[in-house]
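# Structural features, examined
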Amino acid sequence: MDAISIVVSVYNEAEVVEQFHTELMRQTSLMDSPVDVIYVDDGSTDGSERLLDALAHEDPRVAVVHLSRNYGHEAAMIAGIDHAGGQAVICMDADLQNPPACIPDMVTAFRSGHDVVSMVRRSRADGTWLYRWASRSFYRIINRLSDTSLTPNASDFFLVSRRVADILRHDYRERSRFLRGIIQLVGFPRVAIEYDAPPRAAGRSKYSLFKLLAFSVTAIASFSKGPLKLAIYAGVFFALLSLLLIAYSLYMWLFHLPVSGYTTLVVFLSAFASILFFILGIMGYYIGFIFDEVKQRPIYSVRQVVHSPNPDCQS
Ligand code: UDP
Ligand code: MG
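First, a word on scope: everything that follows refers to the structure included in this document. None of these values were measured; they are calculated from a predicted model.

With respect to the secondary-structure elements, Ile 90 resides in strand 4 (residues 88-93). Sequence spacing of Ile 90 and Lys 229 is 139 residues, and the spatial spacing of their C-alpha atoms is 37 Å.

On to the coordination of the magnesium ion (ligand 2). Each protein donor to the magnesium ion (ligand 2) is listed here as Asp 95 (OD) and Gln 97 (OE1); together their distances run 1.9 Å. You can call Asp 95 buried: its relative accessible area is 4%. For Gln 97, a relative accessible area of 9% translates into the label buried.

Scanning all chains against the criterion turns up 13 salt bridges. Between Asp 82 and Arg 173 there is a salt bridge, and its shortest N-O distance comes to 2.8 Å. Of the two residues, Asp 82 sits in helix 3 (residues 73-83) while Arg 173 sits in the loop between helix 6 (162-170) and helix 7 (179-185), which places them 91 residues apart along the sequence. Taking the relative accessible area as the measure of exposure, Arg 173 reaches 25% and is therefore partly exposed. A salt bridge links Lys 295 to Asp 292; the shortest N-O distance between them is 3.9 Å. Separated by three residues within a single helix, Lys 295 and Asp 292 lie in helix 10 (residues 262-295), roughly one turn from each other. The exposure class of Lys 295 is partly exposed, given its relative accessible area of 33%. Look at the salt bridges and you will find they share partners, linking Arg 122, Glu 194 and Asp 196 into a network.

We now examine the packing of helix 9 (residues 226-254) against helix 10. Packing of helix 9 against helix 10 leaves a shortest axis separation of 10 Å and a crossing angle of 165°. It follows that helix 9 is roughly antiparallel to helix 10 by the angle criterion. As for how helix 9 packs across helix 10, the hand of that crossing is left-handed. Across from Pro 227, Leu 228, Leu 230, Ala 231, Ala 234, Phe 238, Leu 241, Ser 242 and Leu 245 in helix 9, the residues of helix 10 making contact are Thr 264, Phe 268, Ala 271, Phe 272, Ile 275, Phe 278, Ile 279, Ile 282, Met 283 and Tyr 286. Broken down by class, the residue content of the contact of helix 9 with helix 10 amounts to 17 nonpolar, two polar and no charged.

The rules behind the values
- Residues numbered from 1 in each chain as written.
- Chains lettered and ligands numbered in written order.
- Predicted model: local features only at pLDDT ≥ 70, side-chain atom pairs only at ≥ 80, totals over all residues.
- Heavy atoms only, no water.
- Helix = DSSP H or I, 4+ residues; strand = E, 2+ residues; numbered from the N terminus.
- Donors = N, O, S within 2.8 Å, 3.2 Å for Na, K, Ca; no water.
- Buried < 20%, exposed > 50% of the residue type's maximum accessible area, 1.4 Å probe, protein only.
- Salt bridge = Lys/Arg side-chain N within 4 Å of Asp/Glu carboxyl O.
- Axes fitted to C-alpha atoms, helices over the stretch in contact; angles between N-to-C directions.
- Parallel < 35°, antiparallel > 145°, perpendicular 65-115°, else oblique.
- Left-handed = near helix turned anticlockwise from the far one by under 90°.
- Contact = heavy atoms within 4.5 Å.
- Nonpolar A, V, L, I, M, F, W, Y, C, P; charged D, E, K, R; others polar.

Shown next as structure tokens:
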């Protein structure tokens, strides 16, 4: 039977990680596939790192990849995928918001020929209406701007086959990326499965609204050149407006009519200047991406890998 690797990103989850592990093992022990778990400790400082090492020492199916500092959730998932050796790789959170009970269904979908299984939140127990509205708007914008259609509400809970994992390992090494979008972009057979996201079992979310907003902007910019076209649209708009203004001014000058263009000037100049700086900001943002890419810095650095003695868990 195909071996399944489960990648779990952990950042300061000491309150929940043992409960998560118990639940994960309970759900996966019923499956007929061999399972190994790769915990990626994303620079935790609350004792999670020691709890994870203890799990690895107790259980030969568990390995822990300690990153050298906090690199963020997406980088942690990539580190886990790089270290996973299974025929399929499942990425999930450690806070029990991605229920381990869904894993058997994901593996069934994989066995029936799907290379990408995206888990889609049907409901989110801790989501406010503002969060739901922001999430809907985000997917609407990104779908309008990019060529591939992304499943709305796809989460960071997904399964990829070994061949898609290999593509992620070798071909998609972007410094700024939107992983749950990329797995839908690679073009292999994919399926979405709905699930209900329960509230966090314990601890606090690492994402503030501001961080989520920043993440969304990065996702849109890394996925699409669309915002750059704004400069062209704004250019055309202001060119038409200036034609009108030129025609008006010439007419007034030719017929020696009194001109009182102060208001026009103020409105035109302030609108023009603000849109110009806005576009400059967008361009700067994209230049930042190029800057990050040309530096070729690593997406993450590993401090230590704690293995169990079982060679299946080693990469
Ligand atoms: N996480 C991580 N690095 C970070 C932030 C979060 O590895 O810098 C992990 C975190 O431990 C959890 C998962 O990513 O397992 C999702 O984070 P969180 O639950 O805080 O996000 P939310 O579910 O609120 O979107
Ligand atoms: Mg969570």
